[in-house]
Amino acid sequence: MIKPSSTERVLLLADVASFGTMTLAAEALGYSVSAISQQLRKLETEAGQPLLQRHSRGIVLTDAGQAVVKHAEQIRGRLVSLQYSLDDIAGLRAGTLRMGTFPTAGSSLVPLAISKFAREHPLIELSVRSTRRDALLKMLSTRDISMSLLWDYQWSRLEVPEVDVQHLLHDPTDLVVSLSHPLASRESVAMSELLDEMWVVRTGEHPMIEVLVRAANSIGFQPRVAYEANDYQEAQAMVAVGVGVALVPRLALTVLRDDVRVIPLSGEVPQRRILLARMKDSQPTAAEAAMTTMFEDAARRLSARGPKRSSSAR
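Here's a quick rundown of the structure.

Conventions and cut-offs
Residues numbered from 1 in each chain as written. Predicted model: local features only at pLDDT ≥ 70, side-chain atom pairs only at ≥ 80, totals over all residues. Heavy atoms only, no water. Phe/Tyr/Trp six-rings, centres within 6.5 Å; stacked < 30°, edge-to-face > 60°. Buried < 20%, exposed > 50% of the residue type's maximum accessible area, 1.4 Å probe, protein only. Lys NZ or Arg CZ within 6 Å of the ring centre and 35° of its normal. Core = buried A, V, L, I, M, F, W, Y, C linked by side-chain atoms within 4.5 Å. Helix = DSSP H or I, 4+ residues; strand = E, 2+ residues; numbered from the N terminus. Axes fitted to C-alpha atoms, helices over the stretch in contact; angles between N-to-C directions. Parallel < 35°, antiparallel > 145°, perpendicular 65-115°, else oblique. Left-handed = near helix turned anticlockwise from the far one by under 90°. Contact = heavy atoms within 4.5 Å. Nonpolar A, V, L, I, M, F, W, Y, C, P; charged D, E, K, R; others polar.

It is worth spelling out the packing of aromatic side chains at this point. On inspection of all chains with the given rule, the structure shows two aromatic pairs. On the basis of an interplanar angle of 70 degrees and a centroid distance of 5.8 Å, the ring pair of tryptophan 151 and tyrosine 153 is categorised as edge-to-face. A residue is classified by how much of its surface remains accessible, and tryptophan 151, at 11% relative accessible area, is buried. On the accessibility criterion, tyrosine 153 (2% relative accessible area) is buried. Taken together, a centroid distance of 4.9 Å and an interplanar angle of 5 degrees make the contact between tyrosine 153 and tryptophan 155 stacked. Each member of the aromatic cluster is reached from another via a ring pair, and the members are Trp151, Tyr153 and Trp155. If you follow arginine 133 out to its NZ or CZ, it ends over the ring of tryptophan 151, 4.3 Å from the centre.

Right, here's the structure in full:
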C-alpha cells in the first residue's frame, strides 16, 4: 500500500519518467543512480506491482506506473498551490486573525490599531471578541482567540504561567466631576480632598470599586456610595447631575459628555497596566506580529495625549 510518507518516491517516479532514464534523472536531481533505483523499488513494493520496466535505453512505465505518475502531477500541482497559499499568509495577503479585548480598550485602543491594520492588510479576515478578563483568558487557553488585550493592577498582577504578556501602556485613574462641582476648575485633585464626597461606582464586583476603596483607605477614609452604574456612560450621567463623583480609568473616557469635567489625580495615582497577551507555546503568525506593531503604535499615541477634557471646560 502506498502511504502518505511515500509522496517523495511518487514524485521521484514522475521525474524519472519525464527524463526518460535514471541516469539523466540522477544528474538533474543530484542523486546517484543506485539511490534512485532503491527508492523506486521501495515504491513498487508499496504499490504491490511493477511500476516500470528497465531496458538498456531507459525505462517504460507499466499501466500502474502511468497511474502513479498521473497522480504525481496532481500532487505536485497541489503542493505548488499550497506554497502560494503559504506565501500569501506569510505576506499578509490571506489568512485570519481572531483576537480579544475588554470593553474600555475596545472603545479606545482597539479602534486605533484596527483601522490601521485594515488599511494596510485588507485581505486578512479579522474578528474581535470583547468581554471580561476571565473569559478572555479562557478563550486564549482554548485557542478560540490567538491574542488578547488584558489589564492588571499592582496589587493583582496577571500571573498565568501559560500566558506571555507584553506591557503596552499605563492607564491612569482620573476623577470625573460635574461642571458645577466646586473642584471643576482645578487642574489636579488629591484623594485627601475627597473625604466628604459621595461616589458613583460600577455595579457588582467591578475592579474600579477596589481601586476606589484602596485609594480611599490609603488616606484613612471609607467612600460612601450613592449610585451603582452598569457602565461608564451611565456613571458619567449620574456625575453630571450631581449625584456624586467618580474614579474612572482614562481609557474609559474616550466618549466624554459635555457636562462633566475630567481632573487628573495627584500623588499616588492608581493605574492599571494594559497588556497584550498570547499563549507561550504558540508562535506568532505574520498577522499577529503585524497587529502587535499596530497596538504598540496606538499605545504610544494614547500615552502622548494625556487626560481628556470636556469641550465645555476648554
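What follows concerns the nonpolar core. Of all hydrophobic cores here, the largest spans 74 residues; its most connected members are Leu109, Leu149, Leu175, Trp199, Met291 and Phe295. Per-element tally for this core: the top contributor is helix H10 (residues 286-305), with eight residues. Membership of the second largest hydrophobic core comes to 20 residues, among which are Val10, Val16, Ala25 and Ala64.

All right, on to the packing of helix H1 (residues 7-19) against helix H3 (residues 33-47) then. Describing two packed helices takes the angle between their axes plus the distance from one axis to the other. Between H1 and H3, whose axes approach to 9 Å, the crossing angle comes to 120 degrees. Taken together, H1 and H3 sit at an angle that is classed as oblique. Read as a crossing pair, H1 and H3 show a hand that is left-handed. Side by side, H1 and H3 meet where Arg9, Val10, Leu12, Leu13 and Val16 of the first sit next to Ile36, Gln39, Leu40, Lys42, Leu43 and Glu46 of the second. Of the residues belonging to the contact of H1 with H3, the class tally is seven nonpolar, one polar and three charged.

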